[in-house]
Structure formats: structure tokens, C-alpha cells
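# Overview (structure and organization)
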Amino acid sequence: MRDIWAFGSEYRSLLASGLLMTVGIVLLRLAMPWPLRGYIELFMPGESERGAFVLRNLPDWGDRIIWLSVLFVIIAVGIGIFEYFQRVALKKYAAYTVHAMRESCVRSVLEDPSVTEKTKVADIISRMIGDSARIKVEISGILVHVSQNVMLYLGICIVFFFISVKMALFFLAAGLCATLIGYLMAVPVAANVLKNLDVDLRKIRLEVEKLVQSGPEMVTMEKLPQTPRAKKVIEYA
């Protein structure tokens with residue numbers, strides 16, 4: 001994670017933009033139930049314990065059904081727009097960050113005196129392109145889904161605090177327990193898989209650090225010359 005953060009230093013504005021869009025998505029999702037509550041208050045007036053809260057806040061002129069429908073459509077469209085810009089920003093951040101990492105690795109391989117055979121160099125670079133493409137997809141997916149779910153979870157906790165402190169504390173504790181259980185169950189599985197494959201995490205980390213080296217210095221160096229076809233291959237990888 002430190003390496004990813006270092007190589008993505010130039011593109012943190014995209015990350016900030018994506019997280020800001022995520023806040024908009026969460027706020028609109030938290031507002032989504034209110035039009036539905038308005039329908040319940042309208043068609044089942046005796047079901048709400050606190051009275052017609054939503055209907056009281058609607059404008060007096062016009063049909064209430066139309067107001068609730070318009071509000072629901074605005075929220076739904078807003079979620080779609082915010083999510084579109086969120087995904088674009090976070091995917092750009094992941095793509096640019098991985099491209100910087102990939103360029104640093106390729107430069108290290110080309111400058112390594114121990115790698116002399118052209119076929120070996122080509123094989124290493126092709127593997128880097130394939131592996132970095134998978135890393136890019138995983139980073140963008142993690143950023144999109146984790147940021148949304150974490151912020152939505154915190155937003156629901158805040159809403160529950162205004163409704164009932166006990167309910168909020170129970171929801172918060174249940175979410176933390178579920179996260180802890182998932183983490184404790186996932187780590188041994190991943191470790192056993194790597195162990196069965198005879199993979200040494202320490203050696204892998206040392207080799208990656210040897211290839212990648214430090215982030216900012218490598219990113220700011222002059223870029224490698226690329227043909228138009230090579231640029232397209234790297235962009236679409």
C-alpha cells in the first residue's frame with residue numbers, strides 16, 4: 001500500500017474527486033427511503049408512529065404523489081450521475097498509478113545488467129504487463145466498493161444515532177464484529193494458499209522492492225520512448 005500511495009502521489013486529486021463523489025452517492029442513498037416513507041404516510045396514514053413527517057415538508061401546492069415521484073427520480077438520477085463520475089475518477093487514479101509502477105519496473109529491468117537475453121527481458125515485461133493489469137482492476141474495484149460501503153455504513157450509524165443511541169451502538173458493534181470475523185477468516189485462507197504454492201512472502205516483497213525501488217524518484221524520471229502501438233497495448237492492458 002505504501003508503494004501504491006507513493007506512485008499515485010501525482011494523481012491524488014483524482015482520488016480526492018472520487019471520494020467526494022462517493023460522499024454524494026452515500027448522502028443520496030441515505031435520502032432514498034424518505035420518498036418511500038412519504039408513500040406510506042400517504043396511503044397508510046395510521047402506520048407511522050411519528051405522523052406524516054415527509055408529507056408535512058412537501059409544498060402545499062400540487063399533487064403530493066407527483067412531488068414524491070419527482071423527488072424519488074431526482075435521487076435515483078443523482079446517484080447514477082455521482083456514481084459515474086466516481087468510477088471514472090477512481091479508475092483513472094488506479095490506471096495512472098499502475099502505469100507509473102509499470103514504467104518503473106520496466107526501466108529497472110532494462111537497466112539491470114544481469115538481464116542480458118532479449119527473450120528473457122521480453123518475457124519479464126510481458127508478465128509485468130499482465131500482472132499490473134490485474135492489479136489495476138483490483139485497485140479500482142477495491143476503491144469503488146470499499147469507499148462506498150464504508151461511508152454508507154458510517155452514514156447509517158450517524159442516522160441511527162439521531163433515532164436511537166442504543167440502535168446505533170448495536171449496529172456499529174455488529175458491523176465491527178462482522179468486519180473482524182471476515183478479516184480473521186480471510187488471512188489464514190490466503191496464507192495457506194500461498195504456503196501450498198511454496199510462496200515466501202518475504203522473498204517476494206524483497207524482489208518487488210528491488211525492482212520498484214522508491215516511488216517519487218522513479219516517477220519523476222524521464223519517460224521511456226514508446227511507439228504508438230506500445231502505448232495502446234499498455235493503456236488497454
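Worth saying up front: this structure is predicted, and the values here are computed from it rather than measured.

## Remarks on the packing of aromatic side chains
Taken as a whole and judged by the stated rule, the model has 4 aromatic pairs. Seen from their ring centres, Tyr 11 and Tyr 96 are 5.3 Å apart, and the 50 degrees between their planes marks the pair as tilted. Residue Tyr 11 is found in the loop between α1 (2-7) and α2 (12-31), and its partner Tyr 96 is found in helix α5 (residues 64-111); the two are separated by 85 residues along the sequence. On the accessibility criterion, Tyr 96 (35% relative accessible area) is partly exposed. Judged by centre distance (5.2 Å) and plane angle (75 degrees), the rings of Tyr 84 and Phe 85 are edge-to-face.

## Some remarks on the side chain of Gln 148
Along the chain, Gln 148 falls in helix α6 (residues 118-163). In contact with Gln 148, not counting residues within four places along its chain, are Thr 22, Ile 25, Val 26, Arg 29, Glu 83 and Gln 86.

## Here we look at the packing of α2 against helix α3 (residues 33-43)
Two elements in contact, α2 and α3, have axes separated by 5 Å at closest approach and are oriented at 10 degrees. Classed by the angle they form, the pair α2 and α3 counts as roughly parallel. Here α2 contributes Arg 29, Leu 30 and Ala 31 to the contact with α3, which in turn contributes Pro 33, Trp 34 and Pro 35. When grouped by side-chain class, the residues that make up the contact of α2 with α3 number 5 nonpolar, no polar and 1 charged.

## Structural notes on the confidence of the model for the chain
Confidence in the prediction of the chain, expressed as mean pLDDT, is 75, and 66% of residues score 70 or more. Summarising per-element confidence for the chain, the mean pLDDT is lowest in helix α9 (residues 215-219) (45) and highest in α2 (90).

## Examining α3
Regarding α3, the residues found buried are Pro 35, Gly 38 and Glu 41. All buried residues of α3 lie within an arc of 110 degrees about the axis, which places them on one face of the element.

## Topic: the nonpolar core
The biggest cluster of nonpolar side chains holds 7 residues, and these are Ile 4, Phe 7, Ala 94, Val 98, Ala 100, Met 101 and Ile 139. Put simply, the parts of the chain that give this core at least two residues each are α1 and α5. Excluding residues within four positions of it along the chain, Val 98 makes contact with Ser 132, Ile 135, Lys 136 and Ile 139.

## Topic: the pattern of salt bridges
Taken as a whole, this structure holds 2 salt bridges when the rule is applied. Among the ionic pairs, Glu 83 bridges to Arg 29, the shortest N-O distance being 3.8 Å. In this pair, Glu 83 is assigned in helix α5 and Arg 29 in helix α2, connecting sequence segments 54 residues apart. Note that Glu 83 and Arg 87 form a salt bridge whose closest N and O atoms lie 3.2 Å from each other. Here Arg 87 and Glu 83 lie together in helix α5, a separation of 4 residues that amounts to about one turn. When its relative accessible area of 18% is taken as the criterion, Glu 83 is described as buried. Arg 87 gets classed as partly exposed once you look at its relative accessible area, which sits at 29%. What you see here is one network of salt bridges that share partners, running through Arg 29, Glu 83 and Arg 87.

## Focus on the environment of His 145
Structurally, His 145 can be placed in helix α6. Taking the relative accessible area as the measure of exposure, His 145 reaches 45% and is therefore partly exposed. Separated by 123 residues in sequence, His 145 and Thr 22 have C-alpha atoms that sit 9.7 Å apart.

## Description of the environment of Val 26
Position of Val 26 among the secondary structure elements: in helix α2. The buried category is assigned to Val 26, whose relative accessible area is 7%. Note: C-alpha distance between Val 26 and Glu 83 (57 residues apart in sequence) is 9.9 Å. When near neighbours in sequence (up to four residues on either side) are disregarded, Val 26 contacts Gln 148, Met 151 and Leu 152.

Conventions and cut-offs
- Residues numbered from 1 in each chain as written.
- Predicted model: local features only at pLDDT ≥ 70, side-chain atom pairs only at ≥ 80, totals over all residues.
- Heavy atoms only, no water.
- Phe/Tyr/Trp six-rings, centres within 6.5 Å; stacked < 30°, edge-to-face > 60°.
- Helix = DSSP H or I, 4+ residues; strand = E, 2+ residues; numbered from the N terminus.
- Buried < 20%, exposed > 50% of the residue type's maximum accessible area, 1.4 Å probe, protein only.
- Contact = heavy atoms within 4.5 Å.
- Axes fitted to C-alpha atoms, helices over the stretch in contact; angles between N-to-C directions.
- Parallel < 35°, antiparallel > 145°, perpendicular 65-115°, else oblique.
- Nonpolar A, V, L, I, M, F, W, Y, C, P; charged D, E, K, R; others polar.
- pLDDT = per-residue confidence, 0-100.
- Arc of directions from axis to C-beta.
- Core = buried A, V, L, I, M, F, W, Y, C linked by side-chain atoms within 4.5 Å.
- Salt bridge = Lys/Arg side-chain N within 4 Å of Asp/Glu carboxyl O.

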